[in-house]
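# Residue-level structure breakdown
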Amino acid sequence: MAETTAKRSIVPYGPQHPVLPEPIHLDLVLEDEKIVDVLPNVGFIHRGLEKLVQKKDFNEMMYVIERVCGICSFVHGMGYCATIEKVFDVEIPDRAKFLRTMWSEMSRIHSHMLWLGLLADAFGFESLFYQVWRSREQILNMVELHTGSRLISSVNKVGGVLKDVDDDKLKILSKTIDQIEEDMLRVQKVFFEDYSVQSRLKGIGILTPEQAHALGAVGPFARASGIPLDLRMRGDNAMPYIDFEPITSNDCDCYARCYVRFMEVLQSIDIIRQCIAKMPADHTLVTPVKGNPQGEAFVRLEQPRGEVVYYAKANGTKFLDRFRVRTPTFANLIPLCETIKGENFADLGLLVLSIDPCISCTER
Amino acid sequence: MAKLANFTPTILKNLFSKPATTTYPFEPFKYPEGTRGHIENDIDNCIFCGMCTRNCPTRCLTIDKATHTWTINRFDCLACEYCTVVCPKKCLHTVEGYQEPMPEKSTVTYTMSEEAIAAEAEKKRIAAEKAKAAKEAAAKKKAEEEAKAAAEAAAAEAAPEAPAAE
Amino acid sequence: MTEVFCPENILEEIKADQIPEKAMAKIAEGYRFSQACAATVDNHLELSYSFAHDETYQFYTFRILPEDGEEIPSITRICPPATFYENEMRELFGANITLIALDLQDKMYRIEEVQPFAPEKKEGE
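Residues numbered from 1 in each chain as written. Chains lettered and ligands numbered in written order. Predicted model: local features only at pLDDT ≥ 70, side-chain atom pairs only at ≥ 80, totals over all residues. Heavy atoms only, no water.

### Some thoughts on the sheet that holds strand β8 (residues 322-326) of chain A
Residues and elements named next belong to chain A.
- Overall, antiparallel pairing links the 3 strands, which are arranged β6-β7-β8 in an open sheet. Each edge of the open sheet carries a strand with a single partner, namely β6 (294-303) and β8. Direction aside, the axes of adjacent strands within the sheet are offset by 10° on average.
- Here helix α2 (residues 73-88) sits on the sheet in contact with β6, β7 (306-315) and β8, set at roughly 145° to β6. (Pairing = 2+ DSSP bridges. Helix = DSSP H or I, 4+ residues; strand = E, 2+ residues; numbered from the N terminus. Axes fitted to C-alpha atoms, helices over the stretch in contact; angles between N-to-C directions. Contact = heavy atoms within 4.5 Å.)

Structural data, given as structure tokens:
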């Protein structure tokens, strides 16, 4: 029998595409509808924010690092302050630790609900998309009530936090998260058991646990392949006082990633309830910090998308030598290329969305 | 197990209840308490030290001590509230309500009122007079002490000379 | 309360040509490649390669202080996730990393200025 070879074509995908959620460029080698090879390319949103370290002193730099990304903004601000505090070797007061944990869990709920809505939009279920975003408005109103602004909160300071929360605001927050939990439990059946959702998500984008470990996957992308990696187990801020277990799934496909992120919303609601119950009564918010930083430090935190690594190097003047942010999407791009090989071209938008890309974080 | 029509109860509930959107221009919008809108200055308490100007991340503030003015470019301001944190007299504060749109970028200037300038000048004059009076009193005291010391030294010189001359 | 794992970060200084064998040793012990970054301190380059363990949450960093223009072998053939980090270090800092598996030829960020963070070259060398 004569050997036939399928015809291969090279198709550029992105950065502008109606289905793509973020401006990433992929050069795909297609064989009739199946993707055989992929070459990724990033670099469209590079703003050179790390060069501003030479012009703005270490207190003002907080406002620059917060604006690296809009969705993950609170954790970037908190991570910058935590790194500089580690260089100075100071410890922040207890109430500031609980407030930081509470606000970062609120930021995680908002980010995961945004992703769930975009996922529903990517497979065409627009009513579900708007139903989830309608509930998300409530958590954004709570963030605005506590910190002053919906997304970019500007409430961290080297040494603690700037704003306090009184009992009335905690009561309103408590009532709101009860309402959000009720809304999410009502759509849970649709996400997990509906026939149209399962036929689009089950069985595509498989990443085995060995591949995930060898290629350096982090965050919910790795937890959906069975690796229980969650940086909140390191015990920063108020985590030693909270009962919490990482959520994993053994299915390794897009359905497992949806399951992990949905259950994390419910888990974050539980963590906020524990923080409200255990909030310390002493109202000191800031440990004063004198002089200029000297030395270097590495800090790792858990962003909604995975493990983020901050590195600061200071030399005794008020300008830092170097500040580096390694975001989780930078680490997840190589495993993404591995999951794409062998899938259909029509599923590509959904697969790129399943790692929760945040390209403005990747390329500061 | 996969099921069909899981979303139908929610659709029916949404069909018969109030819409989620509000009719914004016809209904005024209520901002939550503590929203970061724009920065205003209580200019009569300002001492024109320049801390806010030096620490602003976007450099949108300028002051002029001679004419007692404080200028802000609201289009460059991020409402990050860092100036309210570093102000020593706490005369900067945040007011709700965003910057209104305009055809081109413009600045807003706050000038100190006449009574406040007069009150400050009066305070300065009184302080200067007090300082001058204190300085004169100190100089007079020093002169008296020197004269006393000189007189004692002269008396001490005259006393040994008298026995020597005898 | 949950059990927390909070070991101290470890920093080890090595020579530039030792990095592939050290990386292979760490991967054999079960570590995952986490990040690689560069810094310009006092007009000299400093590279840091970090590995993280997922069960004990230990973070191990290797520090390389290369001479001007010294060649640093790439670890992408042992450790594919290091691709983007090594391309970035070469493009922005001028680190001389050779034999990268997926070489983007300095076009990763497409910036106008050549090697903006690199240490300044001394006159007459």
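### Concerning the arrangement of the chains
- No other pair of the 2 pairs of chains in contact has as many contacts as chains A and C.
- Chain C makes no contact with chain B, the minimum C-alpha separation between the two being 22 Å.

### Describing a nonpolar patch on the surface
- Where nonpolar side chains cluster on the molecular surface, the patch consists of Leu12, Leu15 and Phe16 of chain B and spans about 380 Å² of accessible area.
- For Leu12 of chain B, the position within the fold is in helix α1 (residues 8-15). (Patch = residues over 30% accessible without salt bridge, like charges linked within 9 Å, V, L, I, M, F, W, Y side chains within 5 Å. Areas by Shrake-Rupley, 256 points an atom, 1.4 Å probe, with all protein chains shown as cover. Salt bridge = Lys/Arg side-chain N within 4 Å of Asp/Glu carboxyl O.)

### Re the pairing of β6 of chain A
Residue and element names in this part refer to chain A.
- The buried fraction of β6 is high, at 7 of 10 residues.
- As defined by bridge partners, β6 adjoins β7 across 10 bridges and the pair is classed as antiparallel. Paired with Arg300 across the two strands is Val309, which belongs to β7. (Buried < 20%, exposed > 50% of the residue type's maximum accessible area, 1.4 Å probe, protein only.)

### Let's talk about the interface of chain A and chain B
- On the chain B side, the residues contacting the 29 residues of chain A number 30 residues.
- In this assembly, chain A packs against chain B so that about 2400 Å² is buried in total across both faces, 49% of it on carbon and sulfur atoms.
- On the surface where chain A and chain B come into contact, there are 2 salt bridges.
- Note that Glu60 of chain A is salt-bridged to Arg59 of chain B, the shortest N-O span being 3.6 Å.
- Viewed at the interface, chain B and chain A are joined by 7 residue pairs in polar contact (both at pLDDT 80 or more). (Buried area = accessible area lost by both parts, 1.4 Å probe. Polar contact = N/O pair within 3.5 Å; in protein donor to acceptor, adjacent residues only side chain to side chain.)

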